[in-house]
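# Chains, contacts and geometry: an overview
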Amino acid sequence: MNWWLIWIFIFLILIFGVSIISSRKIKTSDDYIMANFSLGFFPITGTVIATVTGSAALIGAAGKGFEMGISYIITTLSFVSFTIAFVAILGPTIRKLKLYTIPDLFLKRFGKASALIPAIIIGLLYMTPTFSMQLVGMSSILTSITDISVTWGIIIGFTISVIFTLMGGMFSVAWTDAIQTVVILAGVILMFILGLNHIGGVEVLKSETPEHLFNFFSIGGAELLNWFLVFGPFYIVWQTTWQRITAAKSTKVATWSITTGFILSGVISVLAVLIGIMALQSLEPGTNPDNVYTQFMVEVFPASIGGLFMVSLLAALLTGATSFLLSGAINIAKDIYQGWIAPDAKDAQILKASRISVLIMAVIGLGIALYITDIIQIYQFALSFTAVTLVAPVLASMFWKRATKTGVITSMIGSIIVSLVWSFAGKPFGIHEILPGLIVSFALLIIVSLNTKHSKDEEVVSYYFALKGEKDPQAKDEKVV
């Protein structure tokens, strides 16, 4: 009896049951993409953890622990610290502006033309590749417990993800995430304990592990800086967090749930790195890094129990895929379709456009997953090019009244060109393209803004200071529940 497959079959029945129930609640586009701004502490914390601890922070982190040891924990320190600071400082402003997307901010502050570039960048350059990353993760699970190929694993993951997303929307994502997060956290902790016992204990781990894997600085200062910058600044402009901030029923709920979610995600990521190091004692040296976590899980757990935790990981990947599709669909449906093609579109048309956008993104993501199967390679690409183009303009719109539309557009275009040229040049001096990209982005925005005038369609304001004294207009309940 294949317990792994039995657990997956049970999971699919439950997950689609939730989708069917959730689909009955969807009457408007706000219901579909924002859960009608009604989510409390538990579902938001759960959906943050499940989205963050999908492919990159669990499967990818275990693979990097297997390859480079505890140095990879620099990424955890980076994304957790940047997110907590960002939510504490800018979370209330985002809620007061009731922003569905980051391009919404550009539209309000700099006018219609400035919002198109971030909509394309987030919807296609970030959300679509990271959806494909989840497909690679799902394939890793399926190939670990069955004889199917990587390609068929990706195709099966694609099919399940698309059906789940089209049916349930944000309601189903948030609540299934919340439930499975408990299982994910328990599974990672138990796997860490049982894995340590499986290899012979702490002494064996210390004596048999290459020394450099326990040296945080073994990869060098430049490489640590590269990893820190690739993961940190991006989380200022991670639209998934913005969406959760707005979908919460109050500012207090948004702040505490997202902060809690990222701290717990950081704990899970650190444990995943350590599990990857443990796996060296059990797996072949040439094991595909993306298969380290799932293969070690198969070795450590009996199938009758391990199947439950494997299913929780599959669920996290599935709802992570759904979150990325939904976030990207908002950009395409609202920022591109409603913003440029059909400004007078009714809600039913926007809902239809959102679902069509999900399908388009999913198909493109499938192609990426079939072409690039390295999870961290996909994630690095998506994070770095999103950060270099959007961090400076977003901060300017929040804090710098003098920023102009011309300065912002020049900054976005110039920074991505410099980043691409730096990457194709082979990363001179061993510096990742995100550093020169960010420097050029800030420099162009400041220089061009100081030498150009505000456009007629700009709202000349720094939102953080202008809205600081206002109350949250959409708070439904200030209790953190």
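These remarks concern the structure in this document. Worth saying up front: this structure is predicted, and the values here are computed from it rather than measured.

## Details of the environment of Phe 86
Positionally, Phe 86 belongs in helix H5 (residues 73–97). Relative accessible area serves as the criterion here: at 4%, Phe 86 is assigned to the buried category. Sequence-wise, Phe 86 and Pro 233 are 147 residues apart; in three dimensions their C-alpha atoms are separated by 9.7 Å. Not counting residues within four places of it along the chain, the set of residues in contact with Phe 86 comprises Gly 91, Ile 94, Tyr 235, Ile 236, Thr 241, Trp 242 and Ile 245.

## Observations concerning the environment of Glu 470
On the secondary structure map, Glu 470 appears in the segment after helix H19 (463–466). Among the residues examined, Glu 470 registers a relative accessible area of 46% and is labelled partly exposed. Note: C-alpha distance between Glu 470 and Lys 96 (374 residues apart in sequence) is 7.8 Å.

## Brief notes about the pattern of salt bridges
Two side chains that carry opposite charge are able to pair once their charged atoms sit near each other. Considering all chains together, one arrives at 4 salt bridges under this definition. With its nearest N and O atoms 3.3 Å apart, the salt bridge here joins Glu 67 to Lys 64. Linking Glu 67 with Lys 64, this pair stays in helix H4 (residues 55–68), spanning 3 residues, or about one helical turn. In this structure Glu 67 comes out as partly exposed when scored by relative accessible area, which is 44%.

## Regarding the packing of aromatic side chains
Two aromatic rings are characterised by how far apart their centres lie and by the angle between their planes. Taken as a whole, this structure holds 16 aromatic pairs when the rule is applied. Ring centres of Phe 79 and Tyr 235 lie 5.5 Å apart, and the angle between their planes is 35°; on these two criteria the pair is classed as tilted. With Phe 79 in helix H5 and Tyr 235 in the loop between helix H10 (221–231) and helix H11 (239–247), this pair connects stretches of sequence that are 156 residues apart. Note on Phe 79: relative accessible area 3%, which makes it buried. Since its relative accessible area comes to 2%, Tyr 235 is described here as buried. An aromatic cluster of three or more residues is present, and its members are Phe 79, Phe 234, Tyr 235, Trp 238 and Phe 262.

## Describing the packing of helix H7 (residues 112–145) against helix H17 (residues 405–424)
One way to put it is that H7 packs onto H17 with a least axis distance of 9 Å and a crossing angle of 30°. With respect to H17, the axis of H7 lies roughly parallel. By crossing handedness, the relation of H7 to H17 is classed as left-handed. Together, Ala 113, Ser 114, Ile 117, Pro 118 and Leu 125 of H7 and Lys 405, Ile 409, Met 412, Ile 413 and Ile 416 of H17 make up the contact between the two elements. Residues belonging to the contact of H7 with H17 are distributed by class as follows: 8 nonpolar, 1 polar and 1 charged.

Parameters and conventions
- Residues numbered from 1 in each chain as written.
- Predicted model: local features only at pLDDT ≥ 70, side-chain atom pairs only at ≥ 80, totals over all residues.
- Heavy atoms only, no water.
- Helix = DSSP H or I, 4+ residues; strand = E, 2+ residues; numbered from the N terminus.
- Buried < 20%, exposed > 50% of the residue type's maximum accessible area, 1.4 Å probe, protein only.
- Contact = heavy atoms within 4.5 Å.
- Salt bridge = Lys/Arg side-chain N within 4 Å of Asp/Glu carboxyl O.
- Phe/Tyr/Trp six-rings, centres within 6.5 Å; stacked < 30°, edge-to-face > 60°.
- Axes fitted to C-alpha atoms, helices over the stretch in contact; angles between N-to-C directions.
- Parallel < 35°, antiparallel > 145°, perpendicular 65-115°, else oblique.
- Left-handed = near helix turned anticlockwise from the far one by under 90°.
- Nonpolar A, V, L, I, M, F, W, Y, C, P; charged D, E, K, R; others polar.

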